[in-house]
Amino acid sequence: MHGVDEKVQERDETVVPEVRDEFSGWRRFDLWVLLSFAVLAGWVMLRLWLHPNSNVLFGNRDDHGIFLFMLAHGERVVFDGASLFYETHLNAPVGVNMMANTAILLLSLPMAPVTHFFGAGVSVVFLISFGLAGTAAAWYWLFRRHLVRNRWAAVIGAAWCGFAPAMISHANGHVNFVNQYLVPFIVWQVLRLREPGRAVRGGLILGLLIVLQIFINEETLLFIALTLTAFVIAYAIMRRAEAREVAKRFAGGLAVAAGLAITLLAYPLWYQFFARGNYHGQPFAPDAIVMDLLSLPTFSRDSLAGIEPVANRLSLSATEDNLFFGPFGLVMIIVAMRMLWHSAAARAASIAGLVLLVFSLGPTLQFAGFRTPIPLPFALVQHLPVIDLVSVSRFGMVPATIAGILLALAADRIREYAPERRRKFWIGMALALVPLIPKPLPVVQDEPIPPFISAGTWKQYVPEGRTLVTVPLPEVTYGRTGQRWATLSNLDYATPGGYFMGPANPPEDTTGSWRAPATYTNDLLVKAQLRGKRPFLTDADRQRIRQDFAYWKASVIVLVPNVKNERVLRAFLADALDAPPKRVGGVYIWVL
């Protein structure tokens, strides 16, 4: 597109002589930049690196746990020959449709040796660190090679795209969202489809990138598609003659990409939407998680200037601080938009960012933690297929990334201005960026895994084809420990329950749920734990409980130590099974 072409030409004319004459100098600079990104990523994850298999990210213990599961599944695929798209050792005896979950297969399979020998916790902290640094490095490549002439402008834009508050927020457990290093390559390949002779080659490259991204995070791919759609429409309106000129080859390239992607993804996507364990919708309304308008000029909780109580008021959780540009950051983004407004490409990018920003605010405006009756455009599309599967606040990741692009282009353009304007610009940039420097993410130490699990004592009690049942059962909130035991053991034993996405109560209700379908026994166990009172059991109750354990193919029941109302649960199980527990390897067990 014309605006992008101008940037490419300007950049090439300026940099090519430098590449030829001072290659070693600029290469050293680039290596130092990449090393700096790696150090910053290590700084952010420092506390988890210290004890990756015993510490848990404080900001989102639930999703930290679910990605331990994804990585343990990858280890089972590689080392045990387990099914690629279906896991049978969680939610036994039914299992989990991994394509219907964020299985991160492109990450979990290569990391299988690390998971196997060092534990899934090491794989999680490595992938989050690599995702932050790798995303910044990928954007640095795009800026440095194609979009800007000034290397420091490339550093600023890349650092923002890799370490913006939205990215640091998702580093609290969302392995899928921080590994965004394919995004700049996908975006650039789409834009290059306008070039003569690129339809087939560019379409094939784009199709392969789409396939790879599917196996990291489909949600990110949706955001890319929506953003580029908005960008192309806005650009075509502003540059109609150029759009007509390139439309045929651009559409042809997209068709090639779509054809290749559909061919390679036909079976995985069929498995996701139609195989056993598929679901539709989310366990919450589309407008349950939205961004607060006041979060735009506010500092995120994990930034140097962040104030957690303020962020808590404006965001659902530590993993949903998707805007939070800070007051000076917001001002500098607006300044960058104004500086670049003469460029049709920059205007189209700004419009696309604003569209997704409005989407992130949900169907009605929220301000300072209060929902208002003011309607917003997202209300018109919130129930569309696929859109209804998205956490609305995450649309805010798009304007966060576009902000980085605009800041890089503005930092590159500023040297054309008068010295006084340049001085004010860099003062503003410092005021914008320094308060947003991320702090090390907080962690908490989880309960140590008892020898019954860690030393493999359980193997004496669980024959092939049977399951180990932890009480509480693995679950998203009160059953985190049971799931952690299973995943840090690389799912060597099968267990019922679990935290994953699946149908709520198939076949009657296939709405998406974070939990395994309810059972009579688990409902009683949850009530006993939460209320601290052992329910009265009849012989009929005991019979139904035994039927549930038989359905789960349980061979041993293990009471998780130090859980809430542990004594009540122990008394309940002794009554239900009509047998006292044994003390083995630091836990109470009942052998069936």
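To start, this report covers the structure provided alongside it. (Residues numbered from 1 in each chain as written. Predicted model: local features only at pLDDT ≥ 70, side-chain atom pairs only at ≥ 80, totals over all residues. Heavy atoms only, no water.)

By the secondary structure assignment, Ala379 is in the loop between strand E5 (370-375) and helix H18 (397-413). Overall, Ala379 belongs to the partly exposed group, its relative accessible area being 34%. Between the alpha carbons of Ala379 and Asp287 there is a distance of 8.8 Å; along the sequence they are 92 residues apart. (Helix = DSSP H or I, 4+ residues; strand = E, 2+ residues; numbered from the N terminus. Buried < 20%, exposed > 50% of the residue type's maximum accessible area, 1.4 Å probe, protein only.)

To continue, consider the sheet that holds strand E7 (residues 467-471). Taken together, the four strands give an open sheet; going across it, the order is E7-E10-E12-E11, and neighbouring strands pair in mixed fashion. At either margin of the open sheet sits one strand with a lone partner, and together these are E7 and strand E11 (582-584). Sheet twist, expressed as the mean angle between neighbouring strand axes with direction ignored, is 35°. As judged from the five bridges shared by E7 and strand E10 (residues 554-559), these two strands associate in the parallel manner. Each residue of the ladder has a partner; that of Val469, found in E10, is Ile557. (Pairing = 2+ DSSP bridges. Axes fitted to C-alpha atoms, helices over the stretch in contact; angles between N-to-C directions.)

Our focus in this paragraph is the nonpolar core. Within the largest apolar cluster, 179 residues are counted, with the highest numbers of intra-cluster contacts made by Leu132, Phe143 and Phe452. The element best represented in this core is helix H7 (residues 120-147), accounting for 14 residues. Discounting residues that sit within four places of it in the chain, Phe452 has contacts with Thr457, Trp458, Tyr461, Leu468, Val556, Val558, Val584, Gly585, Val587 and Ile589. (Core = buried A, V, L, I, M, F, W, Y, C linked by side-chain atoms within 4.5 Å. Contact = heavy atoms within 4.5 Å.)

Helix length check: helix H12 (residues 199-214), at 16 residues, gives a terminal C-alpha distance of 22 Å against a target of 22 Å (1.5 Å per residue), a fit within 8%. Those residues of H12 not exposed but buried are Ala199, Gly202, Gly203, Leu206, Gly207, Leu209, Ile210, Val211, Gln213 and Ile214. Structurally, H12 contributes buried residues whose contacts are with helix H11 (183-192), helix H13 (218-238) and helix H14 (240-274). (Expected span 1.5 Å × (residues − 1).)

Judged by side-chain polarity, Val78, Phe79, Phe117 and Phe118 come together as a nonpolar surface patch covering roughly 440 Å² of accessible area. Within the fold, Phe117 resides in helix H6 (residues 112-118). By relative accessible area, which is 61% here, Phe117 ends up exposed. (Patch = residues over 30% accessible without salt bridge, like charges linked within 9 Å, V, L, I, M, F, W, Y side chains within 5 Å. Areas by Shrake-Rupley, 256 points an atom, 1.4 Å probe, with all protein chains shown as cover. Salt bridge = Lys/Arg side-chain N within 4 Å of Asp/Glu carboxyl O.)

Along the chain, Val471 connects to Pro472 via a cis peptide bond; the corresponding omega equals 0°. Note that Pro472 resides in the loop between E7 and helix H21 (480-488). In the segment running from Pro506 into Pro507, the intervening peptide bond is cis, with an omega of 0°. Mapped onto the elements, Pro507 comes out in the loop between strand E8 (499-505) and strand E9 (509-515). In the Ramachandran plot, Phe324 falls in the positive-phi region, its phi being about 50° despite a non-glycine side chain. In this structure, Phe324 sits in the loop between helix H15 (308-314) and helix H16 (327-339). Exposure remark for Phe324: the relative accessible area of 0% places this residue in the buried category.

Our focus in this paragraph is the packing of aromatic side chains. For the structure shown, the criterion picks out 23 aromatic pairs. Relative to Trp426, the ring of Phe425 has its centre 5.2 Å away and its plane inclined at 85°; by these criteria the two rings are edge-to-face. For Phe425, a relative accessible area of 5% corresponds to the buried category. Measuring from ring centre to ring centre gives 5.1 Å for Trp458 and Tyr493, while their planes differ by 65°; the resulting arrangement is edge-to-face. With Trp458 in the loop between helix H20 (451-454) and E7 and Tyr493 in the loop between H21 and E8, this pair connects stretches of sequence that are 35 residues apart. Neither residue differs from the other here; Trp458 and Tyr493 are each classed as buried. The residue whose ring lies beneath Arg151 is Phe29, and the NZ or CZ to ring-centre distance is 4.6 Å. Above the plane of the ring of Phe370 lies Arg313, whose end atom (NZ or CZ) is 4.4 Å from the centre. (Phe/Tyr/Trp six-rings, centres within 6.5 Å; stacked < 30°, edge-to-face > 60°. Lys NZ or Arg CZ within 6 Å of the ring centre and 35° of its normal.)

Before going further, it helps to examine the pattern of salt bridges. Counting across every chain of the model gives 19 salt bridges. Note that Arg480 is salt-bridged to Asp62, the shortest N-O span being 2.5 Å. Highlighted residues: Arg480 in helix H21 and Asp62 in helix H4 (residues 61-80), separated in sequence by 418 residues. Across the pair Arg542 and Asp539 runs a salt bridge, and its minimum N-O distance is 3.1 Å. Taken together, the residues span about one helical turn, with Arg542 and Asp539 both in helix H23 (residues 539-551) at a distance of three residues. You can call Asp539 exposed: its relative accessible area is 63%.

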